[in-house]
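For reference, the chains in residue letters:
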Amino acid sequence: MADLSQLLQQTMRRRHLNAQDLADRTGIRTPRIRVFAEDGARGPVRPTPQELAELAEALALPLLDVQQAALGASPAPA
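Thresholds applied
Residues numbered from 1 in each chain as written. Predicted model: local features only at pLDDT ≥ 70, side-chain atom pairs only at ≥ 80, totals over all residues. Heavy atoms only, no water. Core = buried A, V, L, I, M, F, W, Y, C linked by side-chain atoms within 4.5 Å. Buried < 20%, exposed > 50% of the residue type's maximum accessible area, 1.4 Å probe, protein only. Helix = DSSP H or I, 4+ residues; strand = E, 2+ residues; numbered from the N terminus. Contact = heavy atoms within 4.5 Å. Salt bridge = Lys/Arg side-chain N within 4 Å of Asp/Glu carboxyl O.

**So, the nonpolar core**
Leu4, Leu8, Leu22, Leu59 and Val66 are the most contacted members of the largest nonpolar core, which has 22 residues in total. Those elements that place two or more of their residues in this core are α1 (4-14), α2 (19-26), α3 (30-39), α4 (49-58) and α5 (63-71). Non-local contacts of Val66, meaning those with residues more than four positions away in its chain, are made with Leu4, Leu7, Leu52, Ala56 and Leu61.

Listed below in structure tokens is the structure:
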């Protein structure tokens, strides 16, 4: 599993979304989304659990995948 920045960048690209589009869908401010997409969860601005849930819902991703990406953990094999 990729880290949060990779996960966001890849998913946003596939869904043809930019940070503003994602901000409109979540209510998270655009600058915060840009930081998450650039620095992931280990940068100077860290996502809250609520923000991770909102990102997962807006991007139609499993919450567990987003949480694991934020932790930098690999998911258990299926």
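**Things to note about the pattern of salt bridges**
In this structure the tally under the stated criterion is one salt bridge. A salt bridge links Arg32 to Glu51; the shortest N-O distance between them is 2.7 Å. Linking Arg32 in helix α3 with Glu51 in helix α4, this pair joins segments that are 19 residues apart in sequence. Classification of Glu51 by relative accessible area gives buried; the value is 10%.

**Regarding unusual backbone geometry**
Positive phi values are uncommon outside glycine, yet His16 reaches one of about 55°. Unusually for a residue other than glycine, Ala60 sits at a positive phi of about 55°. Here Ala60 is to be found in the loop between α4 and α5. Given the relative accessible area of 61%, Ala60 is considered exposed.

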